[in-house]
Amino acid sequence: MTKEQWEQADADGHITPEHVLFRLRNILVFAMGNPGPVGYDEDGHVISLVGASIQLEGGVKLRVCSRDHNPPHVHIEHSDFRGQKLRVNLVTGEFIDTAPRGLKTTKMKGYKRAIVEPEDRLKEMWVTAHGEYVFE
């Protein structure tokens, strides 16, 4: 459930123990880095469905989520910072988030360089998941 769906179900008195257990499971999935096809927030609410991803060397994954928000961006996922957000704006090429604790500046620059080669493909993935967008 999204946060809005949860709040509506709660207001209508339709929250069951199964709903609570499922939400707790989602919180755990978030804490483990959202490895599946659905993205959750820290409260266990659905925030996105995975559109597509590109696997890079060293266990780095570039992920574009469907039903995500603007500006167009790519999520950079790595086991070293599971559950922490690191996103790059596909329009400006700048980081949206501050570096997760313990991630060195040199590694951040490397991640930024890593999206340059597949940038056109990432933009294509965004358009496929969200519809037309002019990248200027």
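Position numbers for residues count from 1 along each chain, tracking the sequence in the order it is written. Owing to the predicted nature of the model, reporting of local features is limited to residues with pLDDT of at least 70; listing and counting of side-chain atom pairs is limited to 80 or more, with chain, interface and lining totals taken over all residues. The side-chain values count all of the structure's non-hydrogen atoms but skip hydrogen atoms and water molecules.

Caption draft 1: Inspection of the nonpolar core at higher detail. Think of a nonpolar core as a cluster: buried Ala, Val, Leu, Ile, Met, Phe, Trp, Tyr and Cys residues, connected wherever their side-chain atoms sit within 4.5 Å. Type-normalised accessible area, obtained with a 1.4 Å probe on protein chains alone, sets the label of each residue: buried when under 20%, exposed when over 50%, and partly exposed for intermediate values. Of all hydrophobic cores here, the largest spans 17 residues; its most connected members are L62, V74, I76, L86, Y111 and L122. Going along the chain from the N terminus, every DSSP run of H or I of four or more residues is numbered as a helix, and every run of E of two or more is numbered as a strand. Those elements that place two or more of their residues in this core are β3 (61-66), β4 (73-77), α3 (105-114) and α4 (119-130). In terms of residue count, the dominant contributor to this core is α4 (3 residues). For this analysis, residues touch if any pair of their heavy atoms sits within 4.5 Å. Once residues lying within four places of it in the same chain are set aside, the contact partners of V74 are L62, R63, V64, L86, R87, V88, L90, I115 and L122.

Caption draft 2: Here's a closer look at the environment of I47. Inspection of the secondary structure puts I47 in strand β2 (residues 46-55). For I47, a relative accessible area of 39% puts it in the partly exposed group. Placed 40 residues apart in sequence, I47 and R87 show a C-alpha to C-alpha distance of 15 Å. Residues contacting I47, with those up to four places away along its chain left out, are G39, Y40, D41 and R67.

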